[in-house]
Amino acid sequence: MKKRLFLLALVAGPLFTMAQFGQEPKDTSWKKIYRASSPRVNDLVHTKLDVRFDYDKAWMYGKEWLTLKPHFYPTDSLTLDAKGMEIKEISMMNGTAKSALKYVNDGMQLKIMLGKTYKGGENYTIYIDYISKPNDVVVHGSAAINDAKGLYFINPKGEDKDKPTQIWTQGETEANSVWMPTIDKPNQKTTDEIYMTVPAKYVTLSNGLLISQKKNADGTRTDYWKMDLPHAPYLFFMGVGDYAIIKDSWKGKEVSYYVEKDQAPYARGVFGLTPEMIQFYSTKLGVDYAWPKYSQIVGRDYVSGAMENTSATLHQESAYQNARQLTDGNSWETVICHELFHQWFGDLVTCESWSNITVNESMADYSQTLWTEYKHGKDAGDYENQQGLTQYLNSPNDAKKDLVRFHYADKEDVFDLVSYQKGGRVHQMLRNYVGEDAYFKSLNNYLTTNKFKPGESGQMRLAFEEVTGQDMNWFWNQWFYGSGHPIVKIDYAYDDAAGKASVIIEQTQKTDKVFRLPIAIDVYTGATKKRYNVWVENKIDTFTFNYTQRPELINVDADKVMLWAKTDNKTADNFVKQWKSAPLYLDRKEALDYFAKKGMKELAEGLKDKFAPLRRGTIDNLGKSKFAKDADVIAAVETIANTEKDRRTKAAAINFLAKTKDAKYLSLYKNNVADSSYSVAGAALTGLAELDQANAYTLAKQYSNDAKGELGDEVSDIIMSNGTEADFDFIAGRYDKAPISQEKLTMTETFCNYLQKVNNISNVKKGIDMILKFRKAVPEQFRGFTEPTFKAGLDKIGKAKGQEIADYITNGMK
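The rules behind each value
Residues numbered from 1 in each chain as written. Predicted model: local features only at pLDDT ≥ 70, side-chain atom pairs only at ≥ 80, totals over all residues. Heavy atoms only, no water. Phe/Tyr/Trp six-rings, centres within 6.5 Å; stacked < 30°, edge-to-face > 60°. Helix = DSSP H or I, 4+ residues; strand = E, 2+ residues; numbered from the N terminus. Buried < 20%, exposed > 50% of the residue type's maximum accessible area, 1.4 Å probe, protein only. Polar contact = N/O pair within 3.5 Å; in protein donor to acceptor, adjacent residues only side chain to side chain. Pairing = 2+ DSSP bridges. Expected span 1.5 Å × (residues − 1). Axes fitted to C-alpha atoms, helices over the stretch in contact; angles between N-to-C directions. Arc of directions from axis to C-beta. Contact = heavy atoms within 4.5 Å. Core = buried A, V, L, I, M, F, W, Y, C linked by side-chain atoms within 4.5 Å. Parallel < 35°, antiparallel > 145°, perpendicular 65-115°, else oblique. Nonpolar A, V, L, I, M, F, W, Y, C, P; charged D, E, K, R; others polar. pLDDT = per-residue confidence, 0-100.

Draft legend 1. Region of the structure containing the packing of aromatic side chains. One pass over the structure, following the stated rule, counts 48 aromatic pairs. When the centroid spacing of 6.2 Å and the interplanar angle of 40° are considered together, the rings of Y55 and Y202 count as tilted. Remark: Y202 occurs in the loop between β11 (190–199) and β12 (203–206) and Y55 occurs in the loop between β1 (42–54) and β2 (59–70); sequence separation between them is 147 residues. With respect to burial, Y55 and Y202 carry one shared label: buried.

As C-alpha cells, then:
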C-alpha cells in the first residue's frame, strides 16, 4: 500500500503514525506485549460470496459459503472475524442440505460450534446469511488509513451532484471482515468467487476474472468474479461505479484502467506504462506476474493513497491528471509501480504478521527506485532513493524502531517511515553488498519458495544465504531486527612526507550500538581513480592509503548507498573535484549543496548539469544567494527559461526571472502564460503579475477556467488576495473543491484573509462552514499540526466581523 503523510501531500497516503512526529502513545504497556503471528487453528480454503447493495441504507446483504479445514490439530469450533454484522443464519453445509449451528456474536467475532470434531486437513463448509452495516461499525483508523470500516458507499443517494456514486472496499489491515465473515489475518490464504448484484448502469471490479454477467428483471445485473489462486483476505476487493474501462494487455492477460468517463482520454497517460512495468519486474525477478489479470481503479474519497488488492489495485482520485498536468510529468508513476510490485511482495508472498510488514512495504518502496532507475536513468533512480532516505532521517524518533517490529501499540503503527523509506534504503545497501545478480536471484528464491503462502523476514534471509553462500545474520540483526542508523563524522589527514592519507570515520550516534558497514572509498589523483573496499566496524576507524601525489579527493561511500547521517569534512577544493570528477547524482548534489552553503560561485555550474532536478535545485539556490543579481547568472537562467525542455525546470527559471521585476521579460511571460504546462504557465502569470500588479486580478480571472497545479495556486492566491465581494462564489468554490492537502492548508490562510473583506454575513458563514468542514476532515492524528492554522485564521475573521461571527465560529469549532 502506498501512503503519504497528510502534511507532505495527502491528496496522495496508508502512512504514518503520531510516533513519527515524536508522539508515542502515553500508555506504554504495549512495549511488554509480543505481537506474534496469528495462531492458525482453522485455515481458509475457499470463499464464495453472493452480495447485493442497499444504497439508501448503505448496507450490503450477503450470503457466504466458507470452506475451511483445521490447520493441524482436530477442532470442533471456529472463530471468524465479523465486525458489526447482523447475522441471520449460520449453518453447516452437507452437500446442498444445511444444518443450523450454534454461535455467539459479540459484535466483532463469531464463535461457532461446528457440531462435531474435524480432523486436521478435513474440509468443511459453513453458510452464513448476514447484513453488513459499515457505517454502524465503531472502528478506528490511523494516520495511514484514516478510516477502517472496510466497505464504503460514496454518495450513495446521489445527493452531491458533483460526485459520482461509487462503492469500494479497503481491507488492509483487517477491515474486510466488516463486509465478509472471515479469518481476517495476513497469514491466511483462500481462493474466492463473488457474485455482485448491482444497478445495471454500473460496472464492477473484483479479484480474478469476470466469468459471466446476468441481467435481472429488476434493472440490476449480477456479475460473477472468480479467483482460482489463493490470496489473503485483506486483499479481497469489490468496486462498483460508472466507469470507462480502458484496456491494454501483457502476454495475453488483460491490463485495464477503470476511470470516470471524463478521465478516459487521459487514462493511458497516467497508467499506460503498466504493461512495461509488469514486464520489467517479471524479468528482473525471474517470476512472471502470477495473477490472471491486472486492473487499476480510481475511487472517490479514498481513505489512503493506493491499495494493492490482488489483481485489482485501488487508487485515490489524485491519480487523475489531465494532459497539461502530465506535461509536467506523471506525479502518480511511482505509486503505480509501488502497487504493482506488491503483486509479488505482499500478494504472491504475504507478510505472515504485521510485525513483518517489511517483506511487503520495504520491497514496494524500493521498487520505486528500481523502476525509476530502469525507466529514467541512474540519476533519477538515485534521486528517488535519496528522497526516501531524507524522509526517514528527518524523523529522528523513528530511529528508535526496529524494522521487524514485534512490539507496537496498534498494528496500524507499523505503516511508517521505517517500514517504507528506511526499509527501502536497507535494500539498496543489500543489493550493493551482495551484487546485482545475487540480489535478484535471492528475491527469486524467496518468491518461488514461498509463493501463495505467507512469508517473513527470516525466510528472506535464508533465501539470500542459500544463493550467496554467506551468513547474513549480521546484516539482518543489524538492519531488520535492530533499530537506528549510524551518524558519522568523516575527517581526513595527509602526511606528504610519509606519502600517507588517512580517512577517520567516527560513529557519533548516542547509543551503545556500533554499526558494521562495508563501504567503498575512491581516491582521486588527477585523472586516476583507485577504489578501496573496507569495513567500518568500530566507534572510530582509520583507513590509510599511500600516495606519491596528494589526492585531490577521497570519496567515502563512493557508491552512495549508505543509510547514514554524515558530516563529511571535505575542503572546498575537494568538493570542486567531486563536482568535476565523481559521477553519481549524490556526488554532484553534495558538491552543489556545499557551494550553496558556502556562497561559492561554483554553484552556478549546476545550471549545466545533465539532470533536470539538479538544474532546478541550482536555480532555486541561486535565487536565495548573493548571486541572484549577478549578470552572468541571470543570463544563464534566461537561457534556461527560453530553451529548457524539462517543464518544471523551465518554470523555475521563469520564477527566478519574475523576482527581478525586469520589464524586458514581459514577452517571455506572455509567450508562456498559456503554455501546456501548468507549472510554466503559473510561473509566467507570476511574472506578469509582478510587472503589472494592478492588472494581476484580471489576468488571474482570465486564466482561471483551466488552472491546476502551480497555475491554480497562483490564480487562487491572486484572486483571494485581490477579490471583491462579487467573487465569493468563485473563490469559495475553488477553496471548497480543493482536495485535502498541505496546499489546501496553505490556501486556508489566504481564504480567511479574503473572508475578512466580505460584508455579506451569509457568505461569511458559508465560508466559515467550508473551513470547518476541512478542519473536521483532517485525520485526528494530524490536528496538532493543522489546528494553529485554522485557529489563527478563524480568530482573525471573528475579530474583523464582530461578535455574531465570533460566536458562530466558537459554536462551529466545538
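Text resumes after the structure shown.
Draft legend 2. Inspection of the side chain of T173 at higher detail. Inspection of the secondary structure puts T173 in the loop between β10 (166–169) and β11. Given a relative accessible area of 2%, T173 falls into the buried group. Within the structure, the side chain of T173 is placed 2.7 Å from the side chain of E412, a separation counted as a polar contact.

Draft legend 3. The arrangement of the pairing of strand β7 (residues 109–118) in detail. Strand direction decides the pairing type here: strand β3 (residues 75–81) and β7, joined by six bridges, are antiparallel. The residue bridging T79 from the neighbouring strand is K111, located in β7. Alignment of strand β6 (residues 103–105) against β7, held across three bridges, turns out to be antiparallel. Paired with Y103 across the two strands is I112, which belongs to β7.

Draft legend 4. Here's a closer look at helix α3 (residues 274–285). With 12 residues, α3 extends 16 Å between its outermost C-alpha atoms, agreeing within 8% with the 16 Å of an ideal straight helix rising 1.5 Å per residue. If you check which residues of α3 are buried, you get T274, P275, M277, I278, F280, Y281, S282 and L285. Positive backbone phi, approximately 70°, marks G286, located one or two places after α3.

Draft legend 5. Broad picture of unusual backbone geometry. T173 follows E172 through a cis peptide bond whose omega is 10°. Residues other than glycine seldom take positive phi values, yet A58 does so here, at roughly 60°. Looking at the secondary structure, you find A58 in the loop between β1 and β2. Positioned with a positive phi, K251 is a non-glycine residue whose angle comes to about 50°.

Draft legend 6. Up close: the pairing of strand β20 (residues 312–316). Counting buried positions over the five residues of β20 gives five, a clear majority of the element. The side-chain alternation of β20 yields two buried faces, one formed by A312, L314 and Q316 and the other by T313 and H315. Both strand β19 (residues 306–307) and β20 contribute to a ladder of two bridges, which runs antiparallel. Paired with A306 across the two strands is H315, which belongs to β20. Between β19 and β20, which pair antiparallel one after the other, the connecting turn spans four residues, and S311 there sits at a positive phi close to 65°.

Draft legend 7. Spotlight on the sheet that holds strand β23 (residues 487–495). Here we have four strands laid out as an open sheet, ordered β27-β24-β23-β29, and mixed in their pairing. Only two strands of the sheet have a single neighbouring strand rather than two, namely β27 (540–546) and β29 (565–568). Each strand axis lies, on average, 20° off the axis of its neighbour in the sheet, ignoring direction. Where β23 lies against strand β24 (residues 500–507), eight bridges are found, and the strand directions are antiparallel.

Draft legend 8. Region of interest: helix α21 (residues 728–737). Of all the positions in α21, only F728, I731, A732 and Y735 are classed as buried. Seen along its axis, α21 keeps its buried residues to an arc of 90°; they face one direction. Away from its buried face, by an angle of more than 90 degrees, α21 presents the exposed residues D729 and K737. The elements touched by buried residues of α21 are α20 (709–722), α22 (742–755) and α23 (761–777).

Draft legend 9. Fine view of the sheet that holds β6. Pairing within the open sheet is antiparallel, and its three strands lie in the order β3-β7-β6. Only two strands of the sheet have a single neighbouring strand rather than two, namely β3 and β6. Between one strand and the next, the sheet's axes are offset by a mean angle of 15°, whatever the strand orientation.

Draft legend 10. Structural detail: the nonpolar core. Formed by 147 residues in total, the largest nonpolar core has its most connected members in F53, L80, I126, W344, F345 and F475. If we skip the residues at most four places from it in the chain, F475 touches V426, M429, L430 and F480. L592, A641, A732 and L772 belong to the second largest nonpolar core, which has 78 residues in total.

Draft legend 11. The packing of helix α16 (residues 647–658) against helix α18 (residues 678–691), seen in detail. At a minimum axis separation of 8 Å, α16 and α18 run at an interaxial angle of 10°. With respect to α18, the axis of α16 lies roughly parallel. Of the residues in α18, those touching α16 at R647, R648, K650, A651, I654, N655 and A658 are S679, V680, A683, A684, T686, G687 and E690. Here the residues of the contact of α16 with α18 sort into six nonpolar, four polar and four charged.

Draft legend 12. Here's a closer look at the confidence of the model for the protein. Within the protein, residue pLDDT values average 94, and 96% of them lie at 70 or more. With pLDDT under 50 throughout, residues 4–22 is counted as low confidence; its partners more than four residues away or in other chains account for 89 contacts.

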